[in-house]
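So the chains spell out like this:
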Amino acid sequence: MEAPDSSMTPQTKARTIEQALRKRGVRWTNQRQAIIEALVGTDRHLTAEELLAEAREVDPSVSAPTVYRTLHLLVEASLVSKRVFQGDSACYEVLLGKGHHHHLIDVENGNIIEFTDEALDALLDKFAAQHGYRIACHKVELFAVPIDKKDTSS
Ligand SMILES: [Zn+2]
Ligand SMILES: [Zn+2]
């Protein structure tokens, strides 16, 4: 786990996102406000369904189509990243205040651990260079099962 820009409070993130969307001509509504508050209030990688449930805690009138539309706008504005880790459902995570990081996904319970490794990034750059490329961006996603402690205790 990393804590890149801890100076960005959820309130700051929510305001930054609101301003960015307003600049793109998005009408600001109580529903959108509730969705953004739910989104910045967690460090987890939420599915749209989970976000809908969280947003309804803030404002019960939030509808599923609004959640999907808002997420789409946020991804287009590069404020949120959309990833499909497992199965069919995409996970969303706010990029503001977060540096580049990798993901380890527990395939049994869906837990996600974030990590960074400069040596690994350097290795990937070197590999690309060996093939005549410069990496524009990269993703590292490890799908993992917990190590059975009984196996290692002997
Ligand atoms: Zn992440
Ligand atoms: Zn990396």
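Bear in mind that the values here come from a model prediction, so they are computed numbers and not experimental data. (Residues numbered from 1 in each chain as written. Chains lettered and ligands numbered in written order. Predicted model: local features only at pLDDT ≥ 70, side-chain atom pairs only at ≥ 80, totals over all residues.)

A tally of helices and strands in the protein yields 6 helices and 6 strands. Counting helices and strands in the order they occur from the N terminus, the protein gives α-α-β-α-α-β-β-β-β-α-β-α. Along the three orthogonal principal directions, the C-alpha set of the protein runs to about 55 × 45 × 30 Å. When the 154 residues of the protein are sorted by exposure, 16% land in the buried category. (Helix = DSSP H or I, 4+ residues; strand = E, 2+ residues; numbered from the N terminus. Buried ≥ 20, exposed ≤ 12 C-beta atoms within 10 Å, placed from the backbone.)

Moving on to the nonpolar core. In summary, soluble globular proteins display a tendency toward joint burial of nonpolar side chains. If you look at the biggest cluster of nonpolar residues, it comprises 19 residues, and the most contacted ones within it are Ile35, Ala38, Leu39, Leu51, Ala55, Val67 and Tyr92. If you tally residues by element for this core, the top one is helix H2 (residues 30-40), at 6 residues. Setting aside anything within four residues of it in sequence, one finds Tyr92 in contact with His45, Leu46, Leu51, Leu71, Val80 and Lys82. (Core = buried A, V, L, I, M, F, W, Y, C linked by C-beta atoms within 7 Å. Contact = placed C-beta atoms within 7 Å.)

For the rest of this paragraph, the subject is the domain arrangement of the protein. In terms of domains, the protein is made up of domain 1 (10-94) and domain 2 (102-146). One C-alpha centre belongs to domain 1, the other to domain 2, and the line joining them spans 25 Å. (Domains from an automatic or database assignment.)

Right, let's talk about the sheet that holds strand S1 (residues 46-47) for a bit. As summarised here, the arrangement of the 3 strands in space is S1-S3-S2, forming an open sheet in which the pairing is antiparallel. Where the open sheet ends on each side, the last strands, each with one partner, are S1 and strand S2 (80-83). Of the pairings in the sheet, the one linking S1 to strand S3 (residues 91-94) comprises 2 bridges and is antiparallel in character. Bridge assignment links Thr47 to a residue of S3, and that residue is Cys91. (Pairing = 2+ DSSP bridges.)

Looking now at the packing of H2 against helix H4 (residues 64-76). Relative to each other, H2 and H4 sit at 65°, their axes nearing to 10 Å. As the angle between them shows, H2 and H4 are arranged roughly perpendicular. Viewed along their axes, H2 and H4 form a crossing whose handedness is right-handed. Facing Gln31, Arg32 and Ile35 of H2, the residues of H4 in contact are Thr66, Val67 and Thr70. Here the residues of the contact of H2 with H4 sort into 2 nonpolar, 3 polar and 1 charged. (Axes fitted to C-alpha atoms, helices over the stretch in contact; angles between N-to-C directions. Parallel < 35°, antiparallel > 145°, perpendicular 65-115°, else oblique. Left-handed = near helix turned anticlockwise from the far one by under 90°. Nonpolar A, V, L, I, M, F, W, Y, C, P; charged D, E, K, R; others polar.)

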